[in-house]
Amino acid sequence: MLAVFGVGCSSDTTEPAAPLSGRTVEIAITDFEFVVPNEVLSSDRIVLLNNDSVDHNLMPLDESFSVDVGAGKTAELPQLAPGKYAFHCHIHPDMMGEIVVS
Ligand SMILES: [Cu+2]
């Protein structure tokens, strides 16, 4: 016997880790390098900005998610629980970065 499904369909499949603060932080990619913000909170919205003329991607080493970002485009990351995230671009595996979420 299953519980009632789909009370609302407005949310994504990922549960937010914390209520959003309204703050947006940006991870930029410039010249095949990730430029990460100094401070990221679990309540932040995280945007990935690709300043390059080629497509990039951001994927944690545990492959828990994968975000593609086209040349000159922005993309949004899922909300992240506190912790340390080592990531790379799966298109260019030499592009590495790390963010610490508190
Ligand atoms: Cu790349």
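Numbers given to residues run from 1 along each chain, matching the order in which its sequence is written. Owing to the predicted nature of the model, reporting of local features is limited to residues with pLDDT of at least 70; listing and counting of side-chain atom pairs is limited to 80 or more, with chain, interface and lining totals taken over all residues.

Draft legend 1. Up close: the sheet that holds strand β8 (residues 96-101). What makes two strands pair is DSSP finding at least two bridges between them. Runs of E in the DSSP output that reach at least two residues are strands. Runs of H or I that reach at least four are helices, and both are numbered from the N terminus. The sheet built from four strands is open, its strands ordered β5-β4-β7-β8 with antiparallel pairing. Two strands bound the open sheet, and with one partner strand each, they are β5 (67-69) and β8. When strand polarity is set aside, the average angle formed by the axes of neighbouring strands in this sheet is 25°. Bridge analysis of strand β4 (residues 56-60) against strand β7 (residues 83-88) gives two bridges, and the strand direction is antiparallel. In the sheet register, Pro-60 faces β7, and the bridge partner there is Phe-87. Axis lines are fitted to C-alpha atoms, over the contacting stretch for helices. Their N-to-C directions set the angle, which ranges from 0 to 180 degrees.

Draft legend 2. View of the nonpolar core. We call a set of buried Ala, Val, Leu, Ile, Met, Phe, Trp, Tyr and Cys residues a nonpolar core when their C-beta atoms link them within 7 Å. Counting other C-beta atoms within 10 Å of each residue's C-beta, where C-beta atoms are placed from the backbone, gives the exposure class: buried for 20 or more, exposed for 12 or fewer, partly exposed between. Residues Ile-27, Val-40, Ile-46, Leu-48, Leu-58, Val-69, Leu-77, Leu-80, Tyr-85, Phe-87, Cys-89 and Ile-99 constitute the largest nonpolar core, which totals twelve residues. Going through the elements one at a time, β3 (45-50) and β7 are the ones with two or more residues in this core. Placing a C-beta atom from the backbone of each residue, one calls two residues in contact when those atoms lie within 7 Å. The contacts of Tyr-85, once residues within four sequence positions are left out, are Pro-60, Leu-80, Glu-98, Ile-99 and Val-101.

Draft legend 3. Fine view of the pairing of β4. Only one face of β4 is buried: it carries His-56, Leu-58 and Pro-60, and the other face, with Asn-57 and Met-59, is open. Bridge analysis of β4 against β5 gives three bridges, and the strand direction is antiparallel. Along β5, the bridge assignment pairs His-56 with Val-69. Connecting β4 to the antiparallel partner β5 that follows it, the hairpin turn spans six residues, and Glu-63 within it adopts a positive phi of roughly 55°.

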